[in-house]
Number of protein chains: 2
Amino acid sequence: MTQAPPPKKSVALSGVVAGNTAISTVGSGDDLRYRGYDVRDLAEHATFEEVAYLVLYGALPTKAQLTAYTERLASLRGLPAPVLRVLEQLPATAHPMDVMHAGVAALATLEQEKSPYTPEGARAIADRLIACTGSMLLYWYHFTRDGSRIDTVTDDPSVGEHFLHLLHGKKPSAEWAAAMHASLILYAEHEFNASTFTARIIAGTGSDMHSAIGGAIGALKGPKHGGANEVAFEVQSRYESADQAERDIRERVSKGEIVIGFGHPVYRTVDPRNVLIKQVGRRLGEAQHDMKLWTIADRLETVMMETKKMFPNLDWFSAVSYSLMGVPTNMFTPLFVIARITGWAAHVIEQRQQGTIIRPGANYIGPDALAFVPIASRG
Amino acid sequence: MTQAPPPKKSVALSGVVAGNTAISTVGSGDDLRYRGYDVRDLAEHATFEEVAYLVLYGALPTKAQLTAYTERLASLRGLPAPVLRVLEQLPATAHPMDVMHAGVAALATLEQEKSPYTPEGARAIADRLIACTGSMLLYWYHFTRDGSRIDTVTDDPSVGEHFLHLLHGKKPSAEWAAAMHASLILYAEHEFNASTFTARIIAGTGSDMHSAIGGAIGALKGPKHGGANEVAFEVQSRYESADQAERDIRERVSKGEIVIGFGHPVYRTVDPRNVLIKQVGRRLGEAQHDMKLWTIADRLETVMMETKKMFPNLDWFSAVSYSLMGVPTNMFTPLFVIARITGWAAHVIEQRQQGTIIRPGANYIGPDALAFVPIASRG
């Protein structure tokens, strides 16, 4: 159907097919479809819950199904007392990704996946984690800031609004709600990326959903993967103006420095998600009369294309958007987690259906056979 | 240097080279060497600490280095109070692998790897986790059984003795200490197996050691990987005699049932570790005048070779050995974790040096492009 992009040297197993998937495709490399639907249509017309349902259950929901699913997710926001006590033990200095990882691992001991594993059971755990990982993070956040034990159960109509409500202590505006829907949709799924592949390997050994999601969170944390949106913001926020940003980045690029937020392991000429998230960022900036960060990011997009022929990936304007909604920088990647649990879980289910263990070979470059030397004769 | 075994259908990426390694090789498929040394020599002549040093630091230690390293590991057995409080929240019904995962994830928030990541920093975290993951598990175990808060700091001379001491509340015999050394050595490292590959993928995104180890624990849990030793014991312990076991397994095999503990993704004719762990199990059984389980396992080895031409892997007689030392079945895989942290950490360090992200491709088998249908027009 589509032609694969050429392998990239900085990517191990680039272009090597590691399995089959019906969940999404990056097409010829400038395209992204979830279950056949163009991500641009989804981000413009659907809610995040609608897309989570599509990714996890395989088809767009009817109105009745979507209402039921949205209500179901909303009903799963509360945390068991032992998980709250666990979160209270984690220090304020912890990285929010580590807090989410620890929270999911603790929840796993209380809400274990029942054996034999089924797609229904896996989806139930996915729904639970989509609904409550934000609760975990923000419970810990407030407790370690001022000792308050917030109620994580709210009546917010969506996952994104629940997050912003718990973060800021008040319901977000309609613009912010819409921005969260679009952003979470764009982050929901992306084929065999490193964290999803991690989840598939863990599932391939016969392990459980929480183990797969915990491992995927660990992979997403890296700055070459989900952590890139945090690094992108650090770059953008260094500058007071677009002109200053342009001067500095031109100088850095001429010295060979890599700018995080540009290029992608699978896209060749453009990240199809960029145009949408850029528009989200612009709308937020305009509504708030604060275009500084967006203007800097926009200028650097031009500079990077001109100097390096590199295009911004989803992380670049996600950073702008989350910053405009007052999300602390180190919570950017946790938002990515909440969205991507949908994709991870769908891939776990698919990997289980394929029934293989993933176990590549290695090229041995170590010493030839060595004779053992008893310790008395060493050194 | 060596010829790779032919790919196996039940294994995705079988025989596909995913990277370089100097840590170990399975040679032509009937062999296993750590840093060039035959694992059989190591298991017969070295201590686990000696092999952990070899795997992590790249060379066999001198006597002075080994003494210092063994003392260093012994000094790292205590747990911070917040981790103890976290462990107290995890229910008695939890799987010990999930407890270890949660413990490591909680410790990560308190003892974060310092950026920029270095081999020295990674080894320090590996040493800490080799020393204290047993403490985590056994603290939780006793607390949830009888409410006791054990002191995890002991003066036991080795990792294996520390584990058995905390488990049983008394120092183990010299035979048990020797059995633990051999068993942990055999479990320490195994090239690009699924959990190690998980750790490498996580490290490849630029993520930290605890994230990589947490993910690897999740992968090891699966019954097609580390969890196999628990399933092997369930098989062996079903029977009262070798004759009964033979009759039943012949019948099951004739019906196509798969017996866990036999065959291996990379070995072709034999698991080189089997002869050693089988000997460990026999010595333990003879010393205790309890050969029942070993005799059953031995008979089933013969039956499986005769009927299926399948050989036992390391898990088969590990199950016998751990059972003879009074280790609860669901702690077999956690012992594997403690040993394998050495290999995982060495691979994290190596993956970081290679500097690649691991990101394979996928074969898309989903629907062709679909037109988005607005929700009002659905169903």
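Higher on the page you've got the structure.
A brief look at the structure comes next. (Residues numbered from 1 in each chain as written. Chains lettered and ligands numbered in written order. Predicted model: local features only at pLDDT ≥ 70, side-chain atom pairs only at ≥ 80, totals over all residues. Heavy atoms only, no water.)

1. Observations regarding the overall build of chain A
And step 1. Counting its secondary structure elements, chain A contains 16 helices and seven strands.
And step 2. Computed over its C-alpha atoms, the radius of gyration of chain A comes to 22 Å, within 12% of the 21 Å expected for a compact globule of 379 residues.
And step 3. Across its three principal axes, chain A shows a C-alpha extent of roughly 75 × 55 × 50 Å.
And step 4. Taking all 379 residues of chain A together, 63% fall into the buried category.
And step 5. Counted over contacts in chain A with a minimum sequence separation of 6, partners at least 24 positions apart contribute 76%.
And step 6. Total accessible area computed for chain A in this model is approximately 13,300 Å², and 52% of it derives from carbon and sulfur atoms.
And step 7. Both charge centroids of chain A, one from 37 positive and one from 40 negative side chains, sit 4 Å from each other. (Helix = DSSP H or I, 4+ residues; strand = E, 2+ residues; numbered from the N terminus. Rg over C-alpha atoms; globule rule 2.2 N^0.38 Å. Buried < 20%, exposed > 50% of the residue type's maximum accessible area, 1.4 Å probe, protein only. Contact = heavy atoms within 4.5 Å. Areas by Shrake-Rupley, 256 points an atom, 1.4 Å probe, with all protein chains shown as cover. Lys, Arg positive; Asp, Glu negative; His and termini not counted. Charge placed at Lys NZ, Arg CZ, Asp CG, Glu CD.)

2. Some thoughts on the packing of helix H14 (residues 292-308) of chain B against helix H15 (residues 314-324) of chain B
Residue and element names in this part refer to chain B.
And step 1. Remark: H14 packs on H15, axes separated minimally by 10 Å, with the N-to-C direction vectors making an angle of 175 degrees. Of the possible angle classes, the one that applies to H14 and H15 is roughly antiparallel. Contacts from Leu293, Trp294, Ala297, Asp298, Leu300 and Glu301 of H14 reach H15 at Trp316, Phe317, Val320 and Ser323.
And step 2. Residue classes in the contact of H14 with H15 are distributed as seven nonpolar, one polar and two charged. (Axes fitted to C-alpha atoms, helices over the stretch in contact; angles between N-to-C directions. Parallel < 35°, antiparallel > 145°, perpendicular 65-115°, else oblique. Nonpolar A, V, L, I, M, F, W, Y, C, P; charged D, E, K, R; others polar.)

3. Digging into the relation of the copies chain B and chain A
And step 1. When chain B is fitted onto chain A, the two copies agree to an RMSD of 0.0 Å after a turn of 180 degrees and an axial shift of 0.0 Å. In short, the pair behaves as if placed about a two-fold rotation axis. The C-alpha atom lying nearest the rotation axis in chain B is that of glycine 215 of chain B; the distance is 1.9 Å.
And step 2. In this assembly, 100% of the residues forming the interface of chain B have copies in chain A that are likewise at the interface, indicating an isologous arrangement. (Least-squares fit on C-alpha atoms with pLDDT ≥ 70 in both.)

4. Examining the nonpolar core
And step 1. If you look at the biggest cluster of nonpolar residues, it comprises 231 residues, and the most contacted ones within it are Phe163 and Val327 of chain A together with Tyr34, Phe163 and Val327 of chain B.
And step 2. Apart from residues no more than four positions distant in its own chain, valine 327 of chain A is found in contact with Phe163, Leu164, Leu167, Tyr322, Phe332 and Leu335 of chain A.
And step 3. Grouped together as the second largest cluster of nonpolar side chains are 22 residues, Ala12 and Phe192 of chain A together with Ala12 and Ile201 of chain B included. (Core = buried A, V, L, I, M, F, W, Y, C linked by side-chain atoms within 4.5 Å.)

5. Regarding the environment of glutamate 161 of chain B
Residues and elements named next belong to chain B.
And step 1. Inspection of the secondary structure assignment puts glutamate 161 in helix H7 (residues 159-168).
And step 2. Note on glutamate 161: relative accessible area 14%, which makes it buried.
And step 3. Engagement of the side chain of glutamate 161 in a polar contact is seen with the side chain of serine 158, the distance being 2.4 Å. (Polar contact = N/O pair within 3.5 Å; in protein donor to acceptor, adjacent residues only side chain to side chain.)

6. Thoughts on the interface of chain B and chain A
And step 1. Contacts between the two partners involve 99 residues from chain B, matched on the other side by 99 residues from chain A.
And step 2. Here chain B and chain A share an interface that buries about 8,300 Å² over both sides, 65% of which is from carbon and sulfur atoms.
And step 3. It is Arg359, Tyr364 and Phe372 of chain B in chain B that bury the most area against chain A; as a group they hold 10% of the surface buried on that side.
And step 4. Summed over the shared surface of chain B and chain A, the number is six salt bridges.
And step 5. Between lysine 221 of chain A and aspartate 208 of chain B there is a salt bridge, with its nearest N and O atoms 2.9 Å apart.
And step 6. Here chain B is connected to chain A by 43 residue pairs in polar contact (both at pLDDT 80 or more).
And step 7. With nine residues, the single largest contributor to the side of chain B that touches chain A is helix H5 (residues 96-110) of chain B.
And step 8. A breakdown of the residues in the side of chain B that touches chain A according to their chemical character gives 48 nonpolar, 36 polar and 15 charged.
And step 9. Bridge count for strand S2 (residues 17-21) of chain A against strand S7 (residues 361-364) of chain B is three bridges, and the pairing is parallel. (Buried area = accessible area lost by both parts, 1.4 Å probe. Salt bridge = Lys/Arg side-chain N within 4 Å of Asp/Glu carboxyl O. Pairing = 2+ DSSP bridges.)

7. Quick look at the pattern of salt bridges
Residues and elements named next belong to chain A.
And step 1. A complete count under the given rule lists 54 salt bridges over all chains for this structure.
And step 2. Between glutamate 246 and arginine 299 there is a salt bridge, and its shortest N-O distance comes to 2.8 Å. One end of the pair, glutamate 246, is in helix H12 (residues 242-254); the other, arginine 299, is in helix H14 (residues 292-308), and 53 residues separate them in sequence.
And step 3. Between lysine 255 and glutamate 251 there is a salt bridge whose closest N-O contact spans 3.2 Å.

8. Thoughts on helix H2 (residues 48-57) of chain B
All names here are of chain B.
And step 1. The element H2 is largely enclosed, with a buried count of nine among its ten residues.
And step 2. Burial in H2 covers these residues: Phe48, Glu49, Glu50, Val51, Ala52, Tyr53, Leu54, Val55 and Leu56.
And step 3. With its phi angle positive at about 95 degrees, glycine 58 sits one or two positions after the end of H2.

9. Comments concerning the packing of aromatic side chains
All names here are of chain B.
And step 1. If you walk through the whole model with that rule in mind, you get 21 aromatic pairs over all chains.
And step 2. An angle of 75 degrees between the planes, with centres 5.4 Å apart, marks the rings of tyrosine 53 and tyrosine 69 as edge-to-face. Of the two residues, tyrosine 53 sits in helix H2 while tyrosine 69 sits in helix H3 (residues 63-74), which places them 16 residues apart along the sequence. Each of the two residues, tyrosine 53 as well as tyrosine 69, counts as buried.
And step 3. Taking 5.6 Å as the distance between ring centres and 55 degrees as the angle between the ring planes, the aromatic pair formed by tyrosine 322 and phenylalanine 332 counts as tilted. Within this pair, whereas tyrosine 322 is found in helix H15, its partner phenylalanine 332 is found in helix H16 (residues 332-354), the two being separated by ten residues in sequence. (Phe/Tyr/Trp six-rings, centres within 6.5 Å; stacked < 30°, edge-to-face > 60°.)

10. A closer look at the sheet that holds strand S3 (residues 24-25) of chain B
All names here are of chain B.
And step 1. Sheet architecture is open: three strands sit in the order S3-S4-S5, paired in antiparallel fashion. For this open sheet the edge positions go to S3 and strand S5 (37-38), each flanked by a neighbour on one side alone.
And step 2. Sheet analysis places S3 next to strand S4 (residues 33-34), joined by two bridges and oriented antiparallel. Across the sheet, the residue bridging to serine 24 is tyrosine 34, located in S4.

11. Some words on the side chain of serine 135 of chain B
Residues and elements named next belong to chain B.
And step 1. If you trace the backbone, serine 135 turns up in helix H6 (residues 119-146).
And step 2. Looking at serine 135, its side chain comes within polar contact range of the main-chain oxygen of arginine 77, at 2.8 Å.
And step 3. Excluding residues within four positions of it along the chain, serine 135 makes contact with Arg77, Leu79, Thr152, His162 and Leu166.

12. What about the side chain of asparagine 229 of chain B?
And step 1. Relative to the helices and strands, asparagine 229 of chain B resides in helix H11 (residues 228-236).
And step 2. Look past the residues within four positions of asparagine 229 of chain B in its chain and what remains in contact with it is Tyr187, Asp315, Ala319, Phe332, Thr333 and Phe336 of chain B.

13. Here we look at the packing of helix H8 (residues 174-187) of chain A against helix H16 (residues 332-354) of chain A
Residues and elements named next belong to chain A.
And step 1. Two numbers describe how H8 lies on H16: the axes approach to 8 Å, and their chain directions differ by 65 degrees. In terms of their interaxial angle, H8 and H16 are classed as roughly perpendicular. In this structure, H8 crosses over H16, and the sense of that crossing is right-handed. Contacts from Met180, Leu184 and Tyr187 in H8 reach Leu335, Phe336, Ala339 and Arg340 in H16. (Left-handed = near helix turned anticlockwise from the far one by under 90°.)

14. Overview of unusual backbone geometry
And step 1. Of note, the bond from serine 115 of chain A into proline 116 of chain A is cis; its omega dihedral lies within 30 degrees of zero at 0 degrees.
And step 2. Residue placement: proline 116 of chain A occurs in the loop between helix H5 (96-110) and helix H6 (119-146).
And step 3. Positive phi outside glycine occurs at arginine 35 of chain B, with the angle close to 50 degrees.
And step 4. Mapped onto the elements of the fold, arginine 35 of chain B is located in the loop between S4 and S5.
And step 5. Taking relative accessible area as the criterion, arginine 35 of chain B reaches 15% and is therefore assigned buried.
And step 6. The backbone phi angle of glutamate 191 of chain B is positive, close to 55 degrees, even though this residue is not glycine.
And step 7. Looking at the element boundaries, glutamate 191 of chain B is found in the loop between helix H8 (174-187) and helix H9 (194-204).
And step 8. On the accessibility criterion, glutamate 191 of chain B (7% relative accessible area) is buried.

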